[in-house]
Amino acid sequence: MAYVELRCHSAFSFGDGACTPEALVERAAAYGYPALGLTDTADLGGIIRFALAAMRAGIRPVIGAELVVDGYPAAFLAMNEEGYHNLAALVTRARVGSSLQAPENGVAGDDGRAGRRPLAARRRRPRRPSRPGARPRGRPHLTWAELAERSAGLFALTGPATGELASLIRARRPEEAAYQLGRWQDLFGERLAIEVQYHHVSGAEAALAQALIELADWSHTPWVVVNEPRYLDNASRLVHDMLTAHRAGFDLDRAAAAGLLLPNGEWRLKHPAELERLWRGREAGLDESRRIALACDFDLRWLRSPLPRFPVPPGHDDDSFLRELVYAGANERWGGLSPRQEAQLEHELGVIRRLGFAGFFLVMWEAVRFARSRGILCQGRGSAANSVVAYLLGITAVDPVEHGLLFERFLSESRTDGSAEAPDIDVDFEMHRREEVLDHIYRSWGREHAAITAVTQVYYAPTALQDAMRALGYPAELAFTLSKRLHRRYPSEGAEILEAELAARHGLDLATPRGRALLTALRAMEDLPRLRSTHPGGFVISSAPLGDYMPIETTTLGRTILQFDKDDLDAAAVPKFDFLGLGGLTAIRLAFDAIERRTGKRLEMYRLPQDDRRTYEMISRGDVVGTFQIESRAQVQSLLQTRPERLYDLVVQVALIRPGPIQAKFVRPYVRRRRGLEPVVYPHPALEPILRRTYGVPIFQEQAMAIAMTLGGFSAAEADAFRRTMGHQKKLPLLQAELRKLRARMVARGVAPEVADEIAEDLLSFANYGFPESHAWSFALIAYATAYLKAHYPAEFFLALLNAWPMGFYPPSTLVHTARRAGVEVRPPCLRNGDWECTLEPRKTTSWPRATSPAASVGRGESAGEGGPTGNGCDVGSGCPAASIPGGADAAPGVPPGGTGCAPGFTPDEGATGIEEIPALRIGWRFIHGLSERARDAIRAAREDAPFTSVADVVRRARLTRTEVLQLARAGALEAFEPGRRRAAWEALRSVGDLLPLAPASAELLPFDPGEPTEEELVFLDYLATGICTTGHPMEHLRERLAAAGVTSSRGLETLTDGERCLVAGLVVARQHPATAKGTVFVLLEDEWGFINVIVPPRLYLEHREIVNGSPFLLVEGRFERDGQVMNVVGRRFRKLIARPISYRSRDYR
Amino acid sequence: MRYACLWSPAWSTGEAPGDELMGLLLEVVPRVVVEGRGVVWADLRGLPGPRTAETLLALTAELFPDDVVRAGLAAVPIVAELAARRGGVGGGLIGGGAIGGDGLVSVVDPGREREFLAPLPLSLLASAASFSAAWSRSGVSAPSAGRLSRSRGGSGVVAPSTSGAGGRASRRRDVSTVAAPYERLLALLDGVGLRTCGELASLELAAVEVRFGAEGVRLWRLARGEDHRRLFLPIPPERPHASLDFIDYQVTDPERLVFTINALLENVIAALRGRGERARSLLLSFSLAGGGVWRRTLRPARPTATREVWLRLARRLLEEVKLPDAVVGVVLEVESAEPAAARQGDLFDRGFATAGVVEAALVRLLERQGEIVVEPRRSGHPLPERSVAWEAVDPFARLSEFEERGGRAGVRAPGTPYLALHLLAEPQPIDVETRVQESGPAHEFPVRYRDRSGWKKVLAASGPDRISGGQWEEPYAREYFRCVTDIGELVWLFHDRRRGVWFLHGWWG
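How each quantity is defined
Residues numbered from 1 in each chain as written. Chains lettered and ligands numbered in written order. Predicted model: local features only at pLDDT ≥ 70, side-chain atom pairs only at ≥ 80, totals over all residues. Heavy atoms only, no water. Salt bridge = Lys/Arg side-chain N within 4 Å of Asp/Glu carboxyl O. Buried < 20%, exposed > 50% of the residue type's maximum accessible area, 1.4 Å probe, protein only. Helix = DSSP H or I, 4+ residues; strand = E, 2+ residues; numbered from the N terminus. Contact = heavy atoms within 4.5 Å. Buried area = accessible area lost by both parts, 1.4 Å probe. Polar contact = N/O pair within 3.5 Å; in protein donor to acceptor, adjacent residues only side chain to side chain. Nonpolar A, V, L, I, M, F, W, Y, C, P; charged D, E, K, R; others polar. Pairing = 2+ DSSP bridges. Axes fitted to C-alpha atoms, helices over the stretch in contact; angles between N-to-C directions.

Enquirer: Describe the pattern of salt bridges, and please don't skip the residues or the numbers.
Expert: Residues and elements named next belong to chain B. A full pass over the atoms with the stated rule returns 94 salt bridges over all chains. Notably, a salt bridge pairs R229 with D227, separated by 2.6 Å at the nearest N-O pair. For R229, a relative accessible area of 11% corresponds to the buried category. Here D227 falls in the buried class, since its relative accessible area comes to 8%. E277 serves as the salt-bridge partner of R275, at 3.5 Å between the closest nitrogen and oxygen. Residue E277 is classed as partly exposed on the basis of its relative accessible area, which comes to 21%.

Written out as structure tokens, the structure is:
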């Protein structure tokens, strides 16, 4: 078989390819191709997957790209390493121009904005190249001079019918074509072939092919047959048509009528025999394809850019400087070295030296040092926490020696063989200040040497359905409606669901050609890359120009990113630096700042007492709303069962509630053993030291490695290789092979066969865990810190959460309700006393108010009297805080049926001296809907000039728009100047100069009473204006009616017995549909006292889906279940609870 | 003018007009409505407005000699009423109408209602509007509580009052009850400085709706002269009918009945045609000798004004039924009718295609088409039959281009060889014999084909040119060949790959 297809396009041609690289390879293997070429359009993003798949299939991968040179497309194939680097450099140049070399991006003279423009600036500026020499996005191109500069090692194909030579021939300018061919020959010499395509389009195409062949013969240039496939079959052709239509903004009908679609199905990957039949008598073009393929070579190692060279002090190299830093760190952290510590340290330093990764550590050390110098909280996570070196450099916070963490889980000498993963050091920085670190990296290394990795977004069922239906001309509303019902499904699953029931339910006829096409397209979009996005923080840094190794392109936001997906880089063993953002760290730092401002005492995350009783009691009660990692509904349920008492319990907790352990059904044995309900047993005595801490249940990857090493006699490197087979279903055959090997080794070492089988079986179940103990340690530290803050400094804690929001599991409204239940007085936004961010204010009262119910304690009507404090906590005219305190101690005892809220007698502040010591929390203006950043700046500036005195003064000096001032009034932010929101609104309108009859003509009081909102109206108005209600809960106002109907509140659940029928109701906070639950849906209801967990069985969910998903307030009839403190209601009937319309967005299926 | 409103200050508190006045006024106007609050409406459609109003006032003065009665004439009820209430006070009248009689007739010309309303105080509008609101809320149009309505020649009160039409006390109560809704609104409007209809009318609807609610919007509409009350229901046209009573004898013979019906039909059909209508159904009623009426409805397949059709239906009916008694009278009445449509002509019908008819048809087409000029444009669709679309062009722009080229067409250089592809209206199925070439691509090429005129040999064929697609609509897959036949024809064949059938699609010429 002579023919080799050299010019495949995959989906990485984004919009001009409809199959994955793997699918191309699979089809090529089935057709018996000996080699296959991939030439995506100015993109190399698919080559790693392509090369890996080709190597697995025994096919020679030919790597190339199609590039536009002086306006004409041509293809270039990498023949060797130099050719690959030139190809990458050309793709980079085509994408970003010469801007990477622009002076602003170098180390010198960088203003710190090289990585990304400041957020505010990004929003205002139009999307256009922001740097000199930058290319416009979406039209990558090169000049001939740029090509000439980097042509070495490349084989050139002259391009399709739109290529330069073909265009000249079509334009009947053969002489000019011959002249240009000479130019190509001069540049590429023997590394050139004239590309000839024939797709049965027309006689003109055949004539063109003939003319090109004649030109080749005349000029003694080889010609080569290529088919340039973009799809595999009719299904993927349909997807290609859709993508083409989308690119033009058309649907398929219009795209077809406009002649945009390929006219036939000849652009598929054809069987070589088909090409041989077509070119019978002209076999030279086929032979040439094979010759070219044999001339091209590729190796994934060519992608690995040299590690960055850290500027070490004179007299040092990387290794010696690292050694010096590490020993200095050891003195600081340990004070001295024990033999065990020293041995581990030397072992790690030796491995690092032999692998040449010292610079890698130094780069990360420098980034962490920079962050700390700016007061940015940061902490290493992931497997890096297994490294003593990382710990002593201050990158991670967990002592691996003390906790027995395995270094080989992070780095082993077997992992740099060219096909294994490179080590990753993941460091979390404060979410809101991560940009500073990224800018620092760009500034330090320059854009030419540092870029962020990409994430390849693939089609999921919702996006696939929407795109396909849009192309097929279905109504967008129908597409949106259907797509909402396919969350987290793959496209093929979506097709099945659509076919089974969804389409019929929504009147979509799948029996029509259009309906059938929809199903076909959905199935063909499985695994198909859809777009490329920026990874949250994975950097690749190189001492050489990075674009020569991995193509770089610009994003719409002005970042420079690699074309490679992070996971693909893992497979190519390219080392990365992960600078991730973590909202939890932001919250902790903000809380520390607030505590320091109030008390003068600066807390430090790693110096918090780790055995604080109050903190563990709070966690054990499940009072964890707002805490890091352990706040979700599932975590709360687990916490109530396991009742953590020490930090390691949190480590386990973080790792336990994950899909892996849940699927493996290890949660229940762990919980029962911890509670003493079943004995702790070990399959083999040698496992006791390994599994003792987790009650005989393997939970961490390190435990699996330790088992392999202890019982199987695996070396550390072998154990790590074994670990790496875990985590993906696709790796199951590899894992099973490793387990067979382990079992054989265990038996050979004297373990009874049945015991070896049992262990292997456990490890097989365990395979999907994917959670290292070191990572769990890192997260547990943060989780504990947040819990400590919540237990001791609730006001500062909730202040920090709200200011760091969006983050975490719960919406701001729930955080505020929880804060109120914890005794924090929450005040609405105020233009006099508040600010853009939430703030703390001193409280005025000296005693805890005795509220009989939340409704009674809300007290807007009680306190907002003439001359008294207003509803927003401000005395009119005085600016003093007021005494409206919600929640209260009486609310606490019954709060958490699910365990959330305060315990009886619990006093939130550290000193336990009374609620009056807890400052009041003032909601910031940032939560007022419709208030722009411009308004924020204007208000702040005007207020800095002089305090506001009236609504008119606010409007006049801050130059607010009518909408902005109305939103302020609606949110209660003007009540300091004008009591009553409606009155304030009228006054605001008058002040803003609104036309009659929008406001009174004079500054006098209104000639009529506008009437203030009732308490109930106020609650819903708060939700509308800010999404946060500081005065009560919507359910309070339904309670009387519900109580009369026999509906039990969350507080009342305590009185129910297991199995009892009950009615519950609440505002839906979250709906969850975990993949591990086999169709069961979990709904979290919130009422004025706390939360109610509702379980919706799969069958009932299908029956009541519209009500369960579409009702903000839900009424559930069901069976009460109790297991210790864990309480659930298993729903049987569901009804929408009729209330006022509420502006609220629950957390659904995320 | 459509409405005349008669109003007297005394009527709202004193004795209000009733049946007696209605009887008088109906001598002049076809319909009259008397409202319980002392407002009298007269239907002026087709009557000279001011003069009729003067007559009405004169008649009214006969019954109420001590009361000052004023008349307002306008096309909008609220405007007519306010014109009557306001009279000549405070400024000139709007429009070309003159003040009739002793200056008690005010006329507002159509289109000038807002101008008239603008200076009027909102309180005046509200006092009239309260009744409008009450009507709107009641969900009925003209006949409503507290109102008397009568048509000339009618059988009495059409919509008797439900609240005691004759009682003075009840009328006063009506007024106080319905005036209340606007009291608070008037206070609000006054508070924000809105006092006249013009000021209110100048606001935006959304602003009014948000701040003053539905009542505010209602008042705003009235202030803009938007009052869509239907004081008088439209008079249904009299349906064509014909009847015959057999005074001296009774009829039992169906044939005689058919004969009678035929005679009656002649009148009915003539009436229908005179109105330009055709009947959907006819009601046939027989008065029976023993008392009672026997009725049947005749319905043809489609509306018609053809006597033969109706007579056939009537005959068939009488053949199928057996009448219960002898007949002493026959009535034939059109139950429902519709306008007769114009005759559908066929330009290729020699009898129809007279020069005049053709000219009229062309004129009509041109009128519909306007100035549109279209030209063919290749769309790019792979299917040849869909590859041409007609696209509108601007003839003036095209003319300008032509003039810019110096009046030359500029399409094709003279003498250029030119073959045009002519497509058949529908691809014609043919039989084809194929053969794989000995050299070159291993495709099957047609070597001869048979169309209606027999077998033709293919000397040379090039192709295949493949087109396929349309999976979402109507999938197609064709292989086209350009063929030269032994008689020199250049034809275009294709093989439908989906059906395995060959077609002749066109030729070059």
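Still to come is the rest of the account.
Enquirer: Give me the lowdown on the environment of R290 of chain A, citing residues and values where you can.
Expert: With respect to the element layout, R290 of chain A can be found in helix 12 (residues 284-295). Between the C-alpha atom of R290 of chain A and that of Y3 of chain A, which follows or precedes it by 287 residues, the distance is 5.8 Å.

Enquirer: Describe unusual backbone geometry, listing the residues and the values that go with them.
Expert: Following W805 of chain A, the chain continues to P806 of chain A via a peptide bond in cis, the omega torsion being 15 degrees. Looking at the element boundaries, P806 of chain A is found in the loop between helix 36 (794-804) and helix 37 (812-821). The amide bond that connects G463 of chain B to the next residue, P464 of chain B, takes the cis arrangement and shows omega of 0 degrees. Mapped onto the elements of the fold, P464 of chain B is located in strand 15 (residues 454-469). Backbone geometry places D527 of chain A, a non-glycine residue, at a positive phi of 65 degrees. The residue D527 of chain A is located in the loop between helix 22 (513-524) and strand 10 (529-541) in this model. By relative accessible area, which is 39% here, D527 of chain A ends up partly exposed. Located in the positive-phi region is Q629 of chain A, a residue other than glycine, with phi close to 70 degrees. Here Q629 of chain A is to be found in the loop between helix 25 (613-620) and helix 26 (633-642).

Enquirer: Tell me about the interface of chain B and chain A, and please be specific about residues and values.
Expert: Taken together, the contacts link 31 residues of chain B with 36 residues of chain A. In this assembly, chain B packs against chain A so that about 2,700 Å² is buried in total across both faces, 55% of it on carbon and sulfur atoms. A per-residue breakdown of the area chain B buries against chain A is headed by R466, Q471 and W472 of chain B, which together make up 31% of the total. One can count one salt bridge joining chain B with chain A. Here R466 of chain B makes a salt bridge to E266 of chain A, at a shortest N to O gap of 3.1 Å. At the boundary of chain B with chain A, the tally comes to 10 residue pairs in polar contact (both at pLDDT 80 or more). Mapped onto the side of chain B that touches chain A, the elements with two or more residues apiece are helix 8 (181-191), helix 10 (205-223) and strand 15 of chain B. Sorting elements by how many residues they give to the side of chain B that touches chain A places strand 15 of chain B first, with seven residues. Considering only residue class, the side of chain B that touches chain A consists of 13 nonpolar, 12 polar and six charged.

Enquirer: Report on the sheet that holds strand 16 (residues 920-922) of chain A, specifying residues and quantitative values.
Expert: In a beta sheet, neighbouring strands pair by backbone hydrogen bonds and run either parallel or antiparallel. Residues and elements named next belong to chain A. Pairing in this open sheet of three strands is mixed, and the strands run 14-16-15 from one edge to the other. Either end of the sheet is taken by a strand with one partner, and the two such strands are strand 14 (826-827) and strand 15 (839-841). Alignment of strand 15 against strand 16, held across three bridges, turns out to be antiparallel. Bridge pairing in strand 16 links T839 to R922.

Enquirer: A description of the sheet that holds strand 12 (residues 560-565) of chain A should follow, citing residues and the corresponding values.
Expert: Residue and element names in this part refer to chain A. A sheet is described by the order of its strands in space; here seven strands give the open sequence 7-8-13-10-9-12-11, paired in mixed fashion. The sheet is open, and its two borders are formed by strand 7 (378-381) and strand 11 (552-554), each paired with just one other strand. Recorded for the sheet is a direction-independent mean angle of 45 degrees between the axes of neighbouring strands. Pairing of strand 10 with strand 13 (residues 576-582), which is carried by two bridges, proceeds in the antiparallel orientation. Paired with G538 across the bridge in strand 13 is D578. Set on the sheet, helix 18 (residues 434-445) makes contact with strand 8 (424-430), strand 9 (450-458), strand 10, strand 12 and strand 13; between it and strand 10 the angle comes to about 70 degrees.

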